[in-house]
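# Breakdown of the fold
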Amino acid sequence: MLDVQHLSVAYGVTEVLRDVSFSVREGSVVALLGGNGSGKSTLLNALSGLIAPKGGSVRYLGEETAGLGAHQMVRRGVVQVPQGREVFADMSVSDNLELGAATRSNRKEIRNDMGDVFALFPVLRERRMRAAGSLSGGEQTQLSIGRALMARARLLLMDEPSVGLSPRMVDAVIEAILRLRQRGLTILLVEQNVGVAAAVAEQAHVLKDGVIAYAGQAKQLINNPEVLASYLGR
């Protein structure tokens, strides 16, 4: 579904990513790990159209998409769940979900999809008229994921969904990702939590200083002390 070849991204003269290559098979969950400053979020921003790459190729469903804008990528089904959730705090839960469907016009389908989001995250149904800013961190994470689903995502780019959450809410996020995988959704998951990656992903890539330093099965990471110590500082 996604094929990235020799991708490089720079901010001014500072090269953040260089010669990054990997692929994501349709229906799979792939984890992208690395420490702070390794380039994980930059990579997601380049894939989702928020920043333009300096060089390389990004092919999504066989089409070259490097350099397309975020609105064009959303219409193609590539949707990012941002780090820190970034919900619209003063708007209701329902209105936040509606915004996720801003590129769509069929009201019946939008209502049906909102029902699917509520089925996935029942707490959002209970709090649908409350301001999003009044939700807990875990509930806001669920709302952010639900908002992305309202855009009819086919490829979900998730940027550290477990960060700052209690262990109970981390488990809830893991369960949600597994349920989405069962539905056939393709997910590229950026994480620092190796346990989350091992629980949900088939493959994992580790970024260090803007390059992929390790690639392999996600479940093997947690039992690989060399990789944990060398690339993840564990």
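In short, a report on the structure. Being a predicted model, the structure only gives us computed values, none of them experimental. (Residues numbered from 1 in each chain as written. Predicted model: local features only at pLDDT ≥ 70, side-chain atom pairs only at ≥ 80, totals over all residues. Heavy atoms only, no water.)

## Section: the overall build of the protein
Secondary structure summary: the protein contains 10 helices and 10 strands in total. Relative to its length of 234 residues, the protein is compact, with a C-alpha radius of gyration of 17 Å against a globular reference of 17 Å. C-alpha atoms of the protein, sized along the principal axes, occupy 45 × 35 × 30 Å. Buried positions account for 51% of the 234 residues belonging to the protein. (Helix = DSSP H or I, 4+ residues; strand = E, 2+ residues; numbered from the N terminus. Rg over C-alpha atoms; globule rule 2.2 N^0.38 Å. Buried < 20%, exposed > 50% of the residue type's maximum accessible area, 1.4 Å probe, protein only.)

## Digging into the sheet that holds strand β1 (residues 2-11)
Read from one edge of the open sheet, four strands run β2-β1-β4-β5, paired in antiparallel fashion. Each of the sheet's edge strands pairs with one partner strand only, and the pair in question is β2 (14-24) and β5 (63-64). In this fold helix α1 (residues 40-48) packs onto β1, β2 and β4 (55-60), with an angle of close to 115 degrees to the strand it touches most, β1. (Pairing = 2+ DSSP bridges. Contact = heavy atoms within 4.5 Å. Axes fitted to C-alpha atoms, helices over the stretch in contact; angles between N-to-C directions.)

## Digging into the pairing of strand β7 (residues 155-159)
Burial within β7 is extensive, with five of its five residues counted as buried. Neither face of β7 is left uncovered, since the one carrying L155, L157 and D159 and the one carrying L156 and M158 both have all their residues buried. Of the pairings in the sheet, the one linking strand β6 (residues 78-81) to β7 comprises four bridges and is parallel in character. Residue pairing for β7: V79 is matched across the bridge by L156.

## A word on the nonpolar core
L124, L156 and I187 are the most contacted members of the largest nonpolar core, which has 51 residues in total. Of all the elements, helix α7 (residues 167-182) adds the most residues to this core, at seven residues. When neighbours within four sequence positions are excluded, I187 is seen to be in contact with S28, V29, V30, L155, L156, M158, I177 and L180. L7, L43, L155 and V190 belong to the second largest nonpolar core, which has 25 residues in total. (Core = buried A, V, L, I, M, F, W, Y, C linked by side-chain atoms within 4.5 Å.)

## Description of the pattern of salt bridges
Summed over all chains, the structure comprises 12 salt bridges. Across the pair E63 and R76 runs a salt bridge, and its minimum N-O distance is 3.1 Å. Here R76 lies in the loop between α2 (70-75) and β6 and E63 lies in strand β5, a separation of 13 residues in the sequence. (Salt bridge = Lys/Arg side-chain N within 4 Å of Asp/Glu carboxyl O.)

## Quick look at the environment of L32
Counting through the fold element by element, L32 comes out in strand β3 (residues 29-33). For L32, a relative accessible area of 1% corresponds to the buried category. Between the C-alpha atom of L32 and that of S48, which follows or precedes it by 16 residues, the distance is 15 Å. Look past the residues within four positions of L32 in its chain and what remains in contact with it is K40, L43, L188, L189, V190, E191, H205 and L207.

## So, unusual backbone geometry
You will see that L61, though not glycine, has its phi angle at about 50 degrees, which is positive. As for its position among the elements, L61 is in the loop between β4 and β5.

## Quick look at the environment of G49
Here G49 is to be found in the loop between α1 and β4. For the pair G49 and H71, spaced 22 residues apart in sequence, the C-alpha separation works out to 7.8 Å. For G49, the residues in contact, after removing those within four places along its chain, are L68, G69, A70 and M73.

## Thoughts on the packing of helix α6 (residues 137-149) against α7
At their nearest, the axes of α6 and α7 sit 10 Å apart, and the two run at 20 degrees to each other. What the angle tells us is that α6 and α7 run roughly parallel. Seen from above, α6 lies across α7 with right-handed handedness. Mapping the contact onto sequence places G138, E139, T141, Q142, I145 and L149 in α6 and M169, A172, V173 and L180 in α7. (Parallel < 35°, antiparallel > 145°, perpendicular 65-115°, else oblique. Left-handed = near helix turned anticlockwise from the far one by under 90°.)

## Focus on the packing of helix α3 (residues 93-100) against helix α4 (residues 107-120)
Two elements in contact, α3 and α4, have axes whose closest approach is 11 Å; the angle formed by their N-to-C orientations is 125 degrees. As judged from the angle between their axes, α3 and α4 are oblique. Crossing handedness for the pair α3 and α4: right-handed. In this structure, α3 uses S94, L97 and E98 to contact α4, whose residues at the interface are R107, I110, M114, V117 and F118. Of the residues contributing to the contact of α3 with α4, the split by class is five nonpolar, one polar and two charged. (Nonpolar A, V, L, I, M, F, W, Y, C, P; charged D, E, K, R; others polar.)

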